[in-house]
Amino acid sequence: MTVSSDAVIELRDATKSYPGGVHALRRVNLTVEEGELLAVVGPSGSGKSTMLNVMGTLDKPTTGTVRVAGYDVSELSDSRLSALRARHIGFVFQHFHLAAGRDAVDNVADGLLYAGVPLKERRTRAREALAKVRLDHRCSHTPNELSGGEKQRVAIARALVGDPRLLLADEPTGALDTASGEIVMELLHELNASGTTICVITHDNEIADSLPRRVRFKDGEIVSDTRSGARSASCTEEVGS
Ligand SMILES: Nc1ncnc2c1ncn2[C@@H]1O[C@H](COP(=O)(O)OP(=O)(O)OP(=O)(O)O)[C@@H](O)[C@H]1O
Ligand SMILES: [Mg+2]
């Protein structure tokens, strides 16, 4: 069942169709290797979120294969799939998805709910994760007592508290002002430098251009996949048009 490559995620000929002839993903092939930091860009409706959800096993492809850490997810039972997701993948969304009325520590501690960690340890680890995103001084604040940028940092701490190999972020700066967005991106760069593989959907070309790999979507297909930077300058390739 396992494969030998270092790939964290592999999509092979993944499609996603909805009734009424909507082809959200047409035939997507994408491999994300350990340690990568990539941007996914493309027009609204081009399939970016659909792909991220399929990569993160929140959604199943209509046809094709998804491998996470070498496991073909279609071969796993629901409980093994949940365990794989809890162990390997953290999610961050544009609108934070924090629980109202629960303080930052408990919001982050919830990231360990499915990992079978006792409450006291969940809270200890949550405080450590909040320190990593430099919010140790906001532990007891509820979401309505936090700025947008702080809320997103709480959401990142929640995604990280289980120490996932892969962080999937859908427009993490989309609801933030420029300065808060920059802080969030700096944080993602730091996390990547310390070993987390990160995939970020963004509408912001400046952000995309600042990342070492850019995957461009159009009409449910990858139209280009470009690498830059010292580490992988020789790997630049254009796919399709
Ligand atoms: N549950 C669904 N049922 C039917 N069609 C859907 C469903 N979810 C998404 N779609 C369609 O699939 C296509 C891709 O949607 P997706 O959300 O992946 O786009 P996106 O690239 O993330 O766009 P945006 O930048 O606006 O977030 C769109 O045409 C959308 O209308
Ligand atoms: Mg989207």
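Summarised in this report is the structure supplied together with it. Here the structure is a predicted model, which means the values were calculated and not measured.

## Section: the overall build of the protein
Counting its secondary structure elements, the protein contains seven helices and ten strands. Computed over its C-alpha atoms, the radius of gyration of the protein comes to 18 Å, within 12% of the 18 Å expected for a compact globule of 241 residues. Across its three principal axes, the protein shows a C-alpha extent of roughly 50 × 40 × 40 Å. When the 241 residues of the protein are sorted by exposure, 42% land in the buried category.

## Some thoughts on the sheet that holds strand β6 (residues 89-93)
The strand order across the open sheet built from six strands is β6-β7-β8-β3-β9-β10, with neighbouring strands paired in mixed fashion. Each edge of the sheet is formed by a strand with only one pairing partner; in this case those strands are β6 and β10 (221-227). In this sheet, neighbouring strand axes are inclined to one another by 15° on average, regardless of whether the strands run parallel or antiparallel. Bridge count between β6 and strand β7 (residues 166-170): five bridges; the pairing is parallel. Counterpart to Val92 in the pairing with β7 is Ala169. Where helix α1 (residues 48-55) meets the sheet, its contacts fall on β3 (37-41), β7, β8 (197-201) and β9 (213-218), and the angle it forms with β8 comes to roughly 155°.

## Quick look at the site of ligand 1
Within the structure, ligand 1 sits among Tyr18, Val22, Ala24, Gly42, Ser44, Gly45, Ser46, Gly47, Lys48, Ser49 and Thr50. Elements with a minimum of two residues in the shell around ligand 1: β2 (22-33) and α1. Of the residues belonging to the shell around ligand 1, the class tally is three nonpolar, seven polar and one charged.

## Considering the environment of Pro164
By the element assignment, Pro164 lies in the loop between α5 (148-160) and β7. Counting along the chain gives 35 residues from Pro164 to Ala129, while the straight-line C-alpha distance between them is 12 Å. Leave out the neighbours within four places in its chain, and Pro164 touches His88, Ile89, Gly90 and Ala159.

Rules of the game
- Residues numbered from 1 in each chain as written.
- Chains lettered and ligands numbered in written order.
- Predicted model: local features only at pLDDT ≥ 70, side-chain atom pairs only at ≥ 80, totals over all residues.
- Helix = DSSP H or I, 4+ residues; strand = E, 2+ residues; numbered from the N terminus.
- Rg over C-alpha atoms; globule rule 2.2 N^0.38 Å.
- Buried ≥ 20, exposed ≤ 12 C-beta atoms within 10 Å, placed from the backbone.
- Pairing = 2+ DSSP bridges.
- Axes fitted to C-alpha atoms, helices over the stretch in contact; angles between N-to-C directions.
- Contact = placed C-beta atoms within 7 Å.
- Near = placed C-beta within 6 Å.
- Nonpolar A, V, L, I, M, F, W, Y, C, P; charged D, E, K, R; others polar.

Functional significance is not addressed by these values, which are geometric in nature.
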